[in-house]
Every structure is written in structure tokens, then in C-alpha cells.
Amino acid sequence: MYKEDLKLTPADWAGFYKTYRKELMIIVPASDSSITGIYTYNYSNGLLVGTLKGTLKGNGVEFEWNEALIGSNEAPESGNGFMIMKENRKDVYLKHGTEHTTGNYTAGKKKEIEIDGKLNNEPWLGKWSVSIYEQSTMTAERYDDALIGYYTLQGYKSTDVFNGWNKTTITTHTMPDRTVLMLGFGIGNKLYYLSNNYVEDDIKTGVITMSDDQKSFTGQEVRSDQLGVKWKNGFTGKRISK
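Reading the values: rules and limits
- Residues numbered from 1 in each chain as written.
- Predicted model: local features only at pLDDT ≥ 70, side-chain atom pairs only at ≥ 80, totals over all residues.
- Heavy atoms only, no water.
- Helix = DSSP H or I, 4+ residues; strand = E, 2+ residues; numbered from the N terminus.
- Rg over C-alpha atoms; globule rule 2.2 N^0.38 Å.
- Buried < 20%, exposed > 50% of the residue type's maximum accessible area, 1.4 Å probe, protein only.
- Areas by Shrake-Rupley, 256 points an atom, 1.4 Å probe, with all protein chains shown as cover.
- Lys, Arg positive; Asp, Glu negative; His and termini not counted.
- Charge placed at Lys NZ, Arg CZ, Asp CG, Glu CD.
- 1 Å grid on protein atoms, 1.4 Å probe; cavity = no way out; pocket = protein on both sides within 12 Å on 5 of 7 lines; lining within 4 Å.
- Points joined across faces, edges and corners; volume = space filled by probe spheres on them.
- Nonpolar A, V, L, I, M, F, W, Y, C, P; charged D, E, K, R; others polar.
- Phe/Tyr/Trp six-rings, centres within 6.5 Å; stacked < 30°, edge-to-face > 60°.
- pLDDT = per-residue confidence, 0-100.
- Salt bridge = Lys/Arg side-chain N within 4 Å of Asp/Glu carboxyl O.

Focus: the overall build of the protein chain
Consideration 1: Helices and strands together make up the secondary structure of the protein chain, namely one helix and 18 strands.
Consideration 2: Its C-alpha radius of gyration of 19 Å places the protein chain within 12% of the 18 Å reference for a compact globule of 242 residues.
Consideration 3: The proportion of buried residues among the 242 residues of the protein chain is 44%.
Consideration 4: On the protein chain, roughly 12,900 Å² of surface is accessible, and the fraction owed to carbon and sulfur atoms is 45%.
Consideration 5: If you average the places of the 29 positive and of the 30 negative side-chain charges in the protein chain, the two averages end up 5 Å apart.

Quick look at the layout of surface pockets
Consideration 1: Of the pockets and cavities examined, the second largest pocket occupies roughly 400 Å³.
Consideration 2: For the second largest pocket, the lining is made up of 23 residues, of which R21, E23, Y39, W65 and E67 are closest to its centre.
Consideration 3: Those elements that provide at least two residues to the lining of the second largest pocket are β3 (34-43), β4 (46-57), β5 (60-70), β6 (77-85) and β7 (91-96).
Consideration 4: The leading source of residues in the lining of the second largest pocket is β5, at five residues.
Consideration 5: Across the lining of the second largest pocket, the residue classes break down as 13 nonpolar, four polar and six charged.

Re the packing of aromatic side chains
Consideration 1: In total, this model carries six aromatic pairs according to the counting rule given.
Consideration 2: A centroid spacing of 5.4 Å and a plane angle of 85 degrees characterise the contact between Y2 and F82, whose relative ring orientation is edge-to-face. Note that Y2 is positioned in the segment before α1 (10-13) and F82 in strand β6, a separation of 80 residues in sequence.
Consideration 3: Among the aromatic residues, those joined into a cluster by ring pairs are W124, W128, F217 and F235.

Focus on the confidence of the model for the protein chain
Consideration 1: Looking at the protein chain as a whole, its pLDDT mean stands at 84, while 90% of the residues score no less than 70.
Consideration 2: Across the protein chain, the element-wise mean pLDDT spans from 75 in strand β12 (residues 157-163) up to 94 in α1.

A short note on the pattern of salt bridges
Consideration 1: The tally for this structure, following the rule as stated, stands at seven salt bridges.
Consideration 2: A salt bridge links D12 to R89, with the nearest nitrogen and oxygen atoms 3.4 Å apart. Of this pair, D12 sits in helix α1 while R89 is found in the loop between β6 and β7, placing the two residues 77 residues apart along the sequence.
Consideration 3: Among the salt bridges present, the one from E122 reaches R142, with a minimum N-O distance of 2.6 Å. Remark: R142 occurs in strand β10 (residues 136-143) and E122 occurs in the loop between β8 (105-112) and β9 (126-130); sequence separation between them is 20 residues.
Consideration 4: A relative accessible area of 46% places E122 in the partly exposed class.
Consideration 5: Given a relative accessible area of 58%, R142 falls into the exposed group.
Consideration 6: Each of K53, D144 and D145 takes part in a single network of salt bridges with overlapping partners.

Structure follows, in C-alpha cells:
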């Protein structure tokens, strides 16, 4: 499975992934021979945020990972591993430790990222007004190689569908405010991100594009089970301060 003479580039690894634990993960190039990634998952005892850094070796990557549980007193965990890109360049074998052998679980690349520019989070730092449902405010800060931020969903609605014998009943509920975690990487004028509404265990993926004057952006977001579909129109944002 591992082929030392099969040379891949960091851009070959760029994309949104879903792993066997159903984390959502983003991987982007960090240099000419390395990648960086971030992922998130919800546990009953906390919200997991993990980072991954790796160096390319043939059609594989030797990587180190670090995980922290937000909202938990548990100590952070870390380790290393090796992952191998299959020939279709969409599925990956991962293994703890650095043995270059078949992995013990898989991750699937659900949507590729077309790289246009270098990793640069600096333009995204600061406070933003975000038009998701009612207006929300998000502050983006550095988190290792990535960005982290929080915003509050206000006045948003949830729809329940009940199929009866003779008719379908659709009920819409106005939901309580919810705090949402955002994790992502800035590449060129785009930010590729994960949003985690951890109260409702709802993780989504998205991409937002910054204006030339770096004072506003337009955003698109899709559900985690629709990563392969075309991006849909979503929301806008305006800079409040740096």
C-alpha cells in the first residue's frame, strides 16, 4: 500500500475529510513538503478539537496529532501516526505510530480544496459581524496553525416533518440561542472552515471569500452529510475591528 517512489504534493492532500469516528477534518498545505490539519468531534464529556501536522513521505504522511477537550478537565492528548493516500486520492488509511503499513481505520476525502494561494490566517483575525439568522458577532483568533472563533445563533428555526396516513405535517420551532464553534484555515482570499453547534451535535463545513478591501466576506455552508454537493449560497460578514 505504501509506495515510497509515488510522490504526492501537499495540494493532493487538501480537502475536507470524515474519519471513522465521524470527525470532520480539514487538511491544507503548510509548505512544499508538509501539511497541517484541524478536526472536531463531540463527546458526552466535552467538545474535542484536534490538530495534525505532517511531513510527506512518498504517498504517505508522517504526522503528529494533539487533542484537547473544551469544557472538560481532562488533560490534552497527543501522539503520532502515519497515513497513506489510496490510488483514487480520495480515501486514506491511517495508523497510530510510524509503521508504513496498512492502517487500522480509514478517512474519506469528501470534498477537495482547490488551492489558490498560501496559508495565511492574518487577514481573518479580529471581530466580525455575521448575518447567520439574526446578526451574530464572531471573534477569530489564532489556534496553532489554524483559526478559532465562536458566534451565537440567534432567532434561528428548526423544522420537524411528520408523515401521517393522510397528510404531512410540518412544524417550525424558534430555537434558543446556541453558541457555535468555528475552526478553519485561510488560503488566499478564502477561509475553509468547520462549524460545530455542539449543543445540538451539528457539524457543518463551509468556505467564505473575503473582499479585496478585507472589510467584508460572503459565505457558503453545507451539512456534514452533504460534503460532496455544490456549495450553496449562505451568509455575509462585515469587519468590526482587528
